[in-house]
Amino acid sequence: MKLNDPFGRMAVKRQKEYEVVRESLQNTKINDRATGEALLADIRQRGKKMILVIVPIALALALLFPDVWIAFIAVAVIFVAWVITTTRNGLQCVQRYIDEELSGPVSPEVTEND
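What counts, and where the lines are drawn
- Within each chain, residues carry numbers counting from 1 in the order of the written sequence.
- This being a predicted model, a pLDDT of at least 70 is required before a residue's local features are given, and a value of 80 or more before pairs of side-chain atoms are given or counted; all residues contribute to the totals for chains, interfaces and linings.
- Side-chain calculation: all heavy atoms of the structure are included, whereas hydrogens and water are not.
- The definition of a nonpolar core used throughout is a set of buried Ala, Val, Leu, Ile, Met, Phe, Trp, Tyr and Cys residues joined through side-chain atoms within 4.5 Å.
- Note on classification: 1.4 Å probe, protein chains only; a residue is buried when its accessible area is under 20% of the maximum for its type, exposed when over 50%, partly exposed between these limits.
- Strands are runs of DSSP state E lasting at least two residues, helices are runs of H or I lasting at least four, and both sets are numbered from the N terminus onward.
- Where helices are involved, their axes are fitted lines through C-alpha atoms of the stretch in contact, as for all axes, and angles between N-to-C directions lie from 0 to 180°.
- Note on angle classes: values under 35 degrees are labelled roughly parallel, values over 145 roughly antiparallel, values of 65 to 115 roughly perpendicular, and the remainder oblique.
- Just so you know the grouping, Ala, Val, Leu, Ile, Met, Phe, Trp, Tyr, Cys and Pro go in nonpolar, Asp, Glu, Lys and Arg go in charged, and all remaining residues, Gly too, go in polar.

Concerning the nonpolar core
Alright, step 1. Membership of the largest hydrophobic core is limited to ten residues, which are Y18, L25, I30, L40, I43, L91, V94, Y97, I98 and L102.
Alright, step 2. Elements with a contribution of two residues or more to this core: α1 (9–27), α2 (33–64) and α3 (69–101).
Alright, step 3. Among the elements that line this core, the one with the most residues is α3, at four residues.
Alright, step 4. Counting residues in each nonpolar core, the second largest holds five residues, with I54, A58, A76 and V83 among its members.

Structure follows, in structure tokens:
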């Protein structure tokens, strides 16, 4: 029994999320490890871009409307937290898909012994 999920509700939820992601990845023909790794990099890049857009907009709005600056900052913090959480969950699902479904060599390194 896990202390942070004593009834297993979160585990069931995560499993359902993974099954949806797995089906989606299979439908989009992600069927090799290299494509999966490229998808991971793309997810990370999108998350970074979203944060790099949110923060300057929130700061600009806070400077333009100093009376309600706290509201803009609070909304930005909530949105950044949401982006981080969503990105992390997506990365975990795709990584699990790669580990479970796309078994194969990551990238064989050639070592030469002279």
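Continuing now.
Some points on the packing of α2 against α3
Geometry of a packed helix pair, given as the angle between the helix axes and the separation of the axes.
Alright, step 1. Here α2 crosses α3 at 180°, and the two axes come no closer than 9 Å. Viewed along their axes, α2 and α3 adopt a mutual orientation that is roughly antiparallel.
Alright, step 2. In terms of residue class, the contact of α2 with α3 is built from 23 nonpolar, five polar and four charged.

Quick look at unusual backbone geometry
Alright, step 1. Unlike most non-glycine residues, K29 shows phi in positive territory, near 65°.
Alright, step 2. Topologically, K29 is positioned in the loop between α1 and α2.

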